[in-house]
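# Architecture at a glance
Each chain, written out:
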Amino acid sequence: MRTLRWTERLPWLAAAVLLSSPVLAAPPSPIEATLFAFPGQVIAPATARSAGLAMGERWLGDDPYANPAARARSELVVSPALVRVSRQDLRAGNRNYDETPAFIDGAGLSLSAPWRDVGLWLYGHQSGLRLEDNAFESGRDVIPPAVITSQSELRELRLGVAASQPLGPLRAGLGAEWTYRSDLYQSREQSGSPQSGERRVEFSGSGIGGQAGLSFDVGDSTLGGFSVGAAARYLPALALTGEQQIFLLIGDSVATVEVERESGWEAGVTTAVWLSAAFRAFASVGGHTPQDWPEFGVTRGSGFEWKLAAEFHDARDPWTLRFGFGHEQQSGVPEPRAGVFGLGAGWQLEGTTLDVGAVRRTFRRAGEPNAFDDRVIASLRIAF
């Protein structure tokens, strides 16, 4: 029998090492931290008022999106949005950077009506919404550079039904929600590398969750009157399925993607105080528990946020002014911290209110320039 020389053994040894090594879970290509924010996710405002207050009123219970203990007001509210993500980190590290300026989409929708003392709500909210489309030449010193284009679309939609009931000085609310999530990540590389080509992965799934909340009012719009709202939401586990497609110079492949985003909780408290008959201040704190993606080997870690906001409205005038600011943080994601600033205005007409609000998140990436998430929301509130 002939003895194999070491040069002949090397490929077999390398194969044996690879086969015996543990397989580490990782997000499917092209998901990577330099291009995308996965698994990070922030809550998008559902209305123009919420955007103008930097979501400083989030758990108060004025609307059902984060606290179902909301009073029904016999009204329809429709809220379209203009969404823009600006990746200054990609702009700084590459050449000839270009991105889609903005996308027109939706923020929230609600319909409410009272039934005796019970407030009834139907609502929809794109609680997660991030859209990106960019192109650039890779690196500053790479010659010749690779031309990279990337697109991503994250949507998490909550459709819910809620009811609230007075309990003495309190108002309690319960809501059931259907959550649907869809993700799309795509990149294309044009270069002389055999690894150049197109990579695309998409997956989606749904689950049933719910929320519960309380609201408490003391006094009215006079000095010292205040309100407190508190709520908690169960975030359901989502079984997401989809497909990964890879088309490279060295070959093509198609694979099925199956992943679970594990369940979690989010909760918060908001206090609102009347500093005068025309000026109301808000303070909010909240957070969420970690959510694992076991098959991808990543975790959206626990998060915490605080917000301060104010609203000025004189009952003799048709207009309202709003502003707010705060801070959000979460662990285990490419964009772990964000500063938030909001500004808005509203006009009251006969039976109709038109609000416009803008909110900016400034994402801080470690060792890189900031990224920005800007959105402008308009809300038409029609009483009937």
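Conventions and cut-offs
- Residues numbered from 1 in each chain as written.
- Predicted model: local features only at pLDDT ≥ 70, side-chain atom pairs only at ≥ 80, totals over all residues.
- Heavy atoms only, no water.
- Helix = DSSP H or I, 4+ residues; strand = E, 2+ residues; numbered from the N terminus.
- Buried < 20%, exposed > 50% of the residue type's maximum accessible area, 1.4 Å probe, protein only.
- Areas by Shrake-Rupley, 256 points an atom, 1.4 Å probe, with all protein chains shown as cover.
- Lys, Arg positive; Asp, Glu negative; His and termini not counted.
- Charge placed at Lys NZ, Arg CZ, Asp CG, Glu CD.
- Salt bridge = Lys/Arg side-chain N within 4 Å of Asp/Glu carboxyl O.
- Contact = heavy atoms within 4.5 Å.
- Patch = residues over 30% accessible without salt bridge, like charges linked within 9 Å, V, L, I, M, F, W, Y side chains within 5 Å.
- Polar contact = N/O pair within 3.5 Å; in protein donor to acceptor, adjacent residues only side chain to side chain.
- Pairing = 2+ DSSP bridges.
- Phe/Tyr/Trp six-rings, centres within 6.5 Å; stacked < 30°, edge-to-face > 60°.
- Lys NZ or Arg CZ within 6 Å of the ring centre and 35° of its normal.
- 1 Å grid on protein atoms, 1.4 Å probe; cavity = no way out; pocket = protein on both sides within 12 Å on 5 of 7 lines; lining within 4 Å.
- Points joined across faces, edges and corners; volume = space filled by probe spheres on them.
- Nonpolar A, V, L, I, M, F, W, Y, C, P; charged D, E, K, R; others polar.

## A few points about the overall build of the protein
Across its full length, the protein carries three helices and 19 strands. When burial is assessed residue by residue, the protein has 47% of its 384 residues classed as buried. Summing over all exposed atoms, the protein offers an accessible surface of approximately 18,100 Å²; the carbon and sulfur share of this is 63%. Both charge centroids of the protein, one from 35 positive and one from 43 negative side chains, sit 3 Å from each other.

## Things to note about the pattern of salt bridges
Tallied over the entire structure, the rule returns 37 salt bridges. Here Arg 280 makes a salt bridge to Asp 62, at a shortest N to O gap of 4.0 Å. Placement of the pair is Arg 280 in strand E12 (residues 279-288) and Asp 62 in the loop between helix H2 (48-52) and strand E1 (75-87), with a sequence separation of 218 residues. Its relative accessible area of 11% is what places Arg 280 among the buried residues.

## Comments concerning the environment of Ala 267
With respect to the helices, strands and loops of the structure, Ala 267 is situated in strand E11 (residues 264-274). Through-space distance from the C-alpha of Ala 267 to that of Thr 289 is 9.2 Å; in sequence the pair is 22 residues apart. Filtering out sequence-adjacent residues up to four positions away, Ala 267 remains in contact with Trp 59, Ala 231, Ala 232, Gly 286 and Gly 287.

## What about a negative patch on the surface?
Where like charges cluster on the molecular surface, the negative patch consists of Glu 258, Glu 260, Glu 262 and Glu 295. The residue Glu 260 is located in strand E10 (residues 251-261) in this model.

## A word on the side chain of Thr 270
Along the chain, Thr 270 turns up in strand E11. A distance of 3.1 Å separates a polar atom in the side chain of Thr 270 from the backbone nitrogen of Trp 59. Not counting the four nearest positions on each side in its chain, Thr 270 is found in contact with Gly 56, Glu 57, Arg 58, Trp 59, Leu 60, Ser 227, Val 228, Gly 229, Ala 283 and Ser 284.

## Regarding the pairing of strand E5 (residues 147-167)
The pairing of strand E4 (residues 118-137) with E5 spans 18 bridges and is antiparallel. Paired with Glu 137 across the two strands is Val 147, which belongs to E5. When E5 meets strand E6 (residues 170-190), the two strands line up antiparallel, connected through 21 bridges. Across the sheet, residue Leu 157 finds its bridge partner in E6, namely Tyr 180. Where E5 folds back on E6, the antiparallel hairpin that results is connected by two residues, among which Gly 168 adopts a positive phi of roughly 65°.

## Describing the environment of Leu 82
Along the chain, the position of Leu 82 falls in strand E1. Residue class for Leu 82 comes out partly exposed when judged on its relative accessible area of 38%. Along the chain, Leu 82 and Ala 231 lie 149 residues apart, while their C-alpha atoms are 28 Å from each other. What Leu 82 contacts, discounting residues up to four positions off in sequence, is Ala 102, Phe 103, Ile 104, Asp 374, Arg 375 and Val 376.

## A word on the side chain of Asn 134
Turning to its location among the elements, Asn 134 is positioned in strand E4. Given a relative accessible area of 5%, Asn 134 falls into the buried group. A polar contact is formed between the side chain of Asn 134 and the side chain of Ser 150, at a distance of 2.6 Å.

## Details of the pairing of E6
Summarising the sheet, E6 and strand E7 (residues 197-218) pair through 20 bridges and their orientation is antiparallel. When the bridges of E7 are listed, Gly 175 appears paired with Gln 211. Connecting E6 to the antiparallel partner E7 that follows it, the hairpin turn spans six residues.

## Here we look at the packing of aromatic side chains
Applying the stated rule across the entire model yields 15 aromatic pairs. A cation over a ring is seen here: Arg 360 above Phe 372, with NZ or CZ 4.2 Å from the ring centre.

## Things to note about empty space enclosed by the protein
Counted according to the given criterion, the structure contains six cavities of 30 Å³ or more. Where the lining of the largest cavity is concerned, the elements lending two or more residues are E12, strand E15 (303-312), strand E16 (319-330), strand E17 (337-349) and strand E18 (352-364). Considering each element in turn, the lining of the largest cavity owes the most residues, four residues, to E15. In terms of residue class, the lining of the largest cavity is made up of eight nonpolar, seven polar and nine charged. Computed from the structure, the second largest cavity encloses a volume of approximately 190 Å³. Lining the second largest cavity are 19 residues, with Ala 37, Gly 40, Gln 41, Arg 130 and Leu 154 sitting closest to its centre. Elements represented by at least two residues in the lining of the second largest cavity include exactly E4, E5 and strand E19 (371-383). With four residues, E4 is the largest single contributor of residues to the lining of the second largest cavity.

All we've got here are geometric facts, nothing functional implied.
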